[in-house]
Structure formats: C-alpha cells, structure tokens
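What follows is the residue order along each chain.
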Amino acid sequence: MSTIDKKNTSLQLPSPEHHTESVLLERLKDTKTEEDYFRWMLFLVGYYRSTNKMDAATALLERFLEKSNNDEQKAHCQLALGQMATDDQRVEAALSHFRTALAFQPKKKKVSYVLHNNIGYCLNTLGRYSEAEKHCRIAIEIKWKPASGYRNLGVSLQGQGNLFGAAWAFFEAVKAEVSDPRAQELLRKLVAEHPAIVVQCPWIVQGLNPDLQTTCDVRPI
C-alpha cells in the first residue's frame, strides 16, 4: 500500500470521540424503561459537556423535559441546565433553572442540597447576600459536612458585614475539607482586609494553618 493510500485509510477511520457518541446514542435507543433511558441520557449529557457540545446537551435535556411527567427527573434536568449556565457565567439563567428544579420538590437530599447551595452561590454572585444566606443555611441543614455550603455562607455573611460570622463559616469550610485551598484563601483575604478580627477570633490562626494541633471551641453564629 502506498503512503498516499495509508493516509487516505487513516482519514476514513472514525475518531474515538465519534465512536463514544455513537455507542451512547445506541444504548439510549435500546433502552427498555424510562429509568434506563433517563440514566443513559445523563451519561450522554455528561459526554456532551465534557466535549464542549453544549447545544447538543441542552437540546437533549429540553426534549426530555417536554415529554417527562417525572418531577424528580425533571428536577435533575433543570439542575444540569443550571450547572451548564453557571459554567458559561450566565448567572441569572442558572438561578432560574435552579429555582425551577427546586419547585419540583426533589426527594433526594443530595439534589436538594446542591440546589439550595447553588442558588446561594448565584445570589452571592449577584450581590443578593441576604437571600443567599437563607439558601446556604438550608443547604447546611440538609447536609452539614460538605465544605462548599460553609464557603457560600461565609461569602453571604461577609457581604452583609458580618465578619465574625464569615470567619466562622470559612473556618468550618477549612475543617470540612482541608485539602481544598479555597476556604483558606477566603479566610486569608478576610484577615488581610480586617486584621483586627484575629484578636477577636484567635481560632482563625488554626483556619489559616489547619495542620496546627490546637483545640478551638468555635460556636455557630
């Protein structure tokens, strides 16, 4: 086979990307139940998002929303649409999707937590800190372990001028996930802007240096 023939043959081979999409579409087509269809649809949506085919992902979700009568699944779809809007920095659109998802009253705690937390994040981004605080607190009531709920609560409290509360929330976020530097950065920025707060809240030192083996009695605000 000539060099030219080899090049032509290689050009005719399907790309791995195209192969993955074809497999997922085939699996979606062959599903027998609504639950299986929904599961494979989410796999396909995830694939489209990972390959930056947002229009295809959006179309798939919107078609499902038009046909489905399952509120739990529709909440999931609106959540995915909101996450994509957040990635594109379309905060108002993301907020609308998250609120719509919440209106379906999803029963899964994880979904409810993510929705309230994401709504809090969006409202913080829009400078609506008081509204954001309410949703962040609800998220923490649902699941008190994840760090992101405390981070977003800290941002909303700082935005309202509650520096002690913000420091506490960032401190809790650091404790919840020491390997994630975002809460430490927020706490450092807070201290840099308001250095006197360390005198009022000496436990902040441990938040800035979580490897320190000290005992802190910090009560929620």
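Summary of the structure given here.

What counts, and where the lines are drawn
- Residues numbered from 1 in each chain as written.
- Predicted model: local features only at pLDDT ≥ 70, side-chain atom pairs only at ≥ 80, totals over all residues.
- Heavy atoms only, no water.
- Helix = DSSP H or I, 4+ residues; strand = E, 2+ residues; numbered from the N terminus.
- Buried < 20%, exposed > 50% of the residue type's maximum accessible area, 1.4 Å probe, protein only.
- Core = buried A, V, L, I, M, F, W, Y, C linked by side-chain atoms within 4.5 Å.
- Contact = heavy atoms within 4.5 Å.

### Thoughts on unusual backbone geometry
- One non-glycine residue, Gln 89, adopts positive backbone phi at about 60°.
- When you line up the elements, Gln 89 lands in the loop between helix H5 (71-87) and helix H6 (91-103).
- Look at Gln 105: it is not a glycine, yet its phi comes out positive at around 50°.
- With respect to the helices, strands and loops of the structure, Gln 105 is situated in the loop between H6 and helix H7 (109-125).
- We classify Gln 105 as exposed; its relative accessible area is 63%.

### Describing the nonpolar core
- In this structure, Leu 153, Ala 167, Leu 187, Leu 190, Ile 197, Trp 203 and Ile 204 are the most contacted members of the largest nonpolar core, which totals 23 residues.
- In terms of residue count, the dominant contributor to this core is helix H10 (residues 163-176) (eight residues).
- Setting aside anything within four residues of it in sequence, one finds Ile 197 in contact with Leu 163, Phe 164, Ala 167, Leu 190, Val 191 and Ile 204.
- Counting 19 residues, the second largest nonpolar core, distinct from the first, contains Leu 24, Tyr 47, Leu 65 and Ala 80.

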